[in-house]
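Results of the structural survey
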Amino acid sequence: MRITDHPILDFKPGRLVRFTFEGREIEGYEGEPIAAALHAAGIRVLRRSPRLHRPRGFFCAIGNCSSCLMVVDGVPNVRVCVERLREGMRVERQEGHGELK
Amino acid sequence: MKSVEIAVVGAGPAGLSATLAAAGQGASVALIERDEHLGGQLVKQTHKFFGSARQEAGTRGVVIARRLGQAVREQAGIDLRLATTVLGYYSDKVLYLEEPDRLAKLQAERAIFATGASERMLIFGNNDRPGVYGAGAVQTLMNVHGVMPGRRVLMIGAGNIGLIVSYQLLQAGVQVAAIVEAAPRIGGYLVHAAKVRRAGVPILTGHTVKEAVGEEAVEAAVIWRLDEQWRPVPGTEERVDCDVICLATGLSPLGELMWQAGCRMAYVPELGGHVPWHDDDLRTSHEDIYVAGDASGVEEASAAMVEGRIAGLAAARSLGHDRDVEEKLGEARRELAALRAGPTGEKIRRGLESLRQGGDGR
Ligand SMILES: Cc1cc2nc3c(=O)[nH]c(=O)nc-3n(C[C@H](O)[C@H](O)[C@H](O)COP(=O)(O)OP(=O)(O)OC[C@H]3O[C@@H](n4cnc5c(N)ncnc54)[C@H](O)[C@@H]3O)c2cc1C
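Residues numbered from 1 in each chain as written. Chains lettered and ligands numbered in written order. Predicted model: local features only at pLDDT ≥ 70, side-chain atom pairs only at ≥ 80, totals over all residues. Heavy atoms only, no water.

**What about the pattern of salt bridges?**
Side chains bearing opposite charge may pair, as long as their charged atoms lie close to each other. For clarity, the threshold we go by: What makes a salt bridge here is a side-chain nitrogen of Lys or Arg within 4 Å of a carboxyl oxygen of Asp or Glu, nothing more. Helix and strand labels come from DSSP, where a helix needs a run of H or I of at least four residues and a strand needs a run of E of at least two; each type is numbered from the N terminus. Partly exposed residues are those whose accessible area sits between 20% and 50% of the maximum for their type, while under 20% is buried and over 50% is exposed, using a 1.4 Å probe and protein chains only.
Tallied over the entire structure, the rule returns 31 salt bridges over all chains. When the shortest N-O distance is used, the salt bridge between Asp35 of chain B and Arg84 of chain A registers 4.0 Å. In this pair, Asp35 of chain B is assigned in the loop between β2 (29–32) and α2 (61–74) and Arg84 of chain A in the loop between β6 (75–79) and β7 (90–92), connecting two distinct chains. For Arg84 of chain A, a relative accessible area of 24% puts it in the partly exposed group.

Here it is in structure tokens:
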């Protein structure tokens, strides 16, 4: 769900790159927030809450609220609304608090 | 440890203006911004701004951001630090910074906090479902990253933000099911309301959202009517087909750093919540700390820019810089008063009055 035609804005995306979400390969633009690439691919559930395991997505999209914490390349608690996408990233849903390895 | 005279935290309209004003006085300035770009909230604002001509009314927010950002980049002597988050302020005038791969310290004689505001949540059933997004998030996703937030959006709040973002959604090719507003009347300017109405979007005043529907993510919303006492009326529930519920229900100043630094904070509903006490120079109860923009009270970009100038000039003056500083301060104060004159500034004037009555803060 990318915007292709806009009356005012002109989007200049970066290079198209591949990354994985839960082991599945998808594409996004290099440098855009991981959350934007996931959303464009129709993925809205980013993690599950620690106690009640409720699905969570992003909320503020500017790194304030901590609703979008995911595991990226094995590192938990990454705010994917501001973390930039790079080729080959491994992105996984976070369960609860995430574990530091 | 590196040291500067003035550290500005946040590169929105307030922080950029503060930086330019202070550097213009000859002070050494560091501008610290957690994002990778300058402009703050302005980078996602595609509409023509309201406000007066001096504050660039009629210009789109994105253009104002570009202009201010360029002026900062061209001004010599500014230590610009992007992708850097300020984590704390300590008593020896030291700021702790999180850079992409390390922690750093910066000593600053004066700090200006221009950290902006964050979006407010609303209480309703399943308000944590993916698809319940803040209005700023929806704007960021579509206007900065070019991704549609969804197929069909239910907007909550008919203030200026709710109205403007609804219009921007339509421009991006997203349907807007309706705009729901708890108050009995529309809060935003009627020009904005007329635009979305003309496009066929109903504005339902005296209504609110009861719950989000959907197991994994939003698939619909249930709205209901409110009576004169703002109590929901059972039996008036209606289901609205949508995959996004967008909250445009207000902002709260981001004051954590000032709480932590020990500035005296006051709760002022008209200013959006907890704000640091401050005087006409935007100086807080902590004599080395100034505040500007939405962090000092949620208002508008036009006021944020003037406040930034005042804070930057006053902080520079407190360190002995003087390039017609009094004259420039006087001019900025008159501009700010003019912005807040008239009926639209009534709420802010009331808020500032009650903040001042909270004592001198020292
Ligand atoms: C939909 C919408 C429409 C609007 N329309 C108008 C309009 O027509 N006219 C108008 O005048 N105003 C308008 N506004 C309001 C205007 O955008 C804001 O009032 C203005 O951006 C506030 O400026 P600021 O500099 O205080 O904060 P912001 O623009 O929010 O900037 C704050 C900056 O601080 C940074 N930051 C925060 N914490 C830290 C930290 N710890 N370390 C480092 N950096 C940090 C943030 O990343 C951000 O870049 C609108 C707002 C919205 C949402």
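So, next bit.
**Side note on α2 of chain B**
All names here are of chain B. The test is simple: Helix span is expected to be 1.5 Å times the residue number reduced by one. The arc in question is the one spanned by the directions pointing from the helix axis to the C-beta atoms. By definition in these notes, contact holds between two residues if any of their heavy atoms fall within 4.5 Å.
Between the first and last C-alpha of α2 there are 20 Å, a value that for 14 residues agrees with the 20 Å anticipated at 1.5 Å per step. Within α2, burial applies to Gly61, Val62, Ile64, Ala65, Leu68, Gly69 and Val72. Buried residues along α2 cover an arc of 160° about the axis, so they all sit on one side. Those residues of α2 that are exposed and aimed more than 90 degrees away from the buried face are Arg66 and Glu74. In this structure, the buried side of α2 is in contact with α1 (13–24), β2, β3 (78–81) and α7 (301–318).

**Some thoughts on unusual backbone geometry**
Excluding glycine, a negative phi dihedral is what most residues carry, and trans is how most peptide bonds are arranged. Residue and element names in this part refer to chain B. Of note in the backbone geometry, Ala83 takes a positive phi value of approximately 50° without being a glycine. Judged by relative accessible area, Ala83 falls into the partly exposed class, the value being 21%. In the Ramachandran plot, Trp230 falls in the positive-phi region, its phi being about 65° despite a non-glycine side chain.

**A few points about the sheet that holds strand β3 (residues 47–48) of chain A**
All names here are of chain A. Here is the rule we go by: Only strands that DSSP links by at least two bridges are regarded as paired with each other.
One open sheet holds the three strands; their spatial order is β4-β3-β8, and the pairing between them is mixed. The outermost strands of the open sheet, each flanked by one partner alone, are β4 (55–56) and β8 (94–95). Sheet topology note: the β3/β8 ladder contains two bridges and is parallel. Of the residues in β8, the one forming a bridge with Arg48 is Glu95.

**Notes on the sheet that holds strand β8 (residues 132–134) of chain B**
Residue and element names in this part refer to chain B. Rule in force here: Angles here are taken between N-to-C directions and fall from 0 to 180 degrees, while the axes themselves are lines fitted to C-alpha atoms, restricted in helices to the stretch in contact.
Spatial strand order, β8-β15-β9-β10-β11: five strands in an open sheet with parallel pairing. In this open sheet, the two edge strands, each paired with only one partner strand, are β8 and β11 (203–205). Adjacent strand axes in the sheet meet at a mean angle of 25° when their direction is disregarded. Judged from the three bridges that link them, strand β10 (residues 175–181) and β11 form a sheet pairing that is parallel.

**Considerations on the pairing of strand β9 (residues 152–156) of chain B**
All names here are of chain B. Extensive coverage of β9 is indicated by the burial of four of its five residues. Sheet analysis places β9 next to β10, joined by five bridges and oriented parallel. Of the residues in β10, the one forming a bridge with Ile156 is Val180. In this structure, β9 lies alongside strand β15 (residues 244–247), joined through four bridges in parallel fashion. Along β15, the bridge assignment pairs Ile156 with Leu247.

**Looking at the domain arrangement of chain B**
Residue and element names in this part refer to chain B. Keep this limit in mind: Domain start and end points were adopted from an automatic or database domain assignment. Buried area, as used here, totals the accessible surface that two parts lose on assembly, with accessibility defined by a 1.4 Å probe and the loss added over both. Lys, Arg, Asp and Glu make up the charged group, whereas Ala, Val, Leu, Ile, Met, Phe, Trp, Tyr, Cys and Pro make up the nonpolar group; the residues left over, Gly among them, are polar.
Each assigned domain of chain B is listed here: domain 1 (2–118 + 251–356) and domain 2 (121–247). On a C-alpha basis, the centres of domain 1 and domain 2 stand 31 Å from each other. Each partner contributes to the interface: domain 1 provides nine residues, whereas domain 2 provides twelve residues. Carbon and sulfur atoms make up 60% of the area that domain 1 and domain 2 hide from each other, which totals about 800 Å². Taken together, the residues that form the side of domain 1 that touches domain 2 break down as three nonpolar, four polar and two charged.

**Regarding the interface of chain B and chain A**
Applied cut-off: N or O atoms within 3.5 Å of each other form a polar contact, as long as, within protein, one can give a hydrogen and the other can take it, and as long as residues adjacent in sequence are counted only when both atoms are side-chain atoms.
Every contact between the two is made by 43 residues of chain B and, on the other side, 28 residues of chain A. Ranking the residues of chain B by area buried against chain A places Asp128, Tyr133 and Gln171 of chain B at the top, with a combined share of 17%. Between chain B and chain A we count five salt bridges in total. Put simply, chain B and chain A have 14 residue pairs in polar contact (both at pLDDT 80 or more) between them. Of all the secondary-structure elements, those providing two or more residues to the side of chain B that touches chain A are β7 (117–119), β8, α3 (135–144) and β15 of chain B. Counting residues per element, the side of chain B that touches chain A draws most heavily on α3 of chain B, which supplies seven residues.

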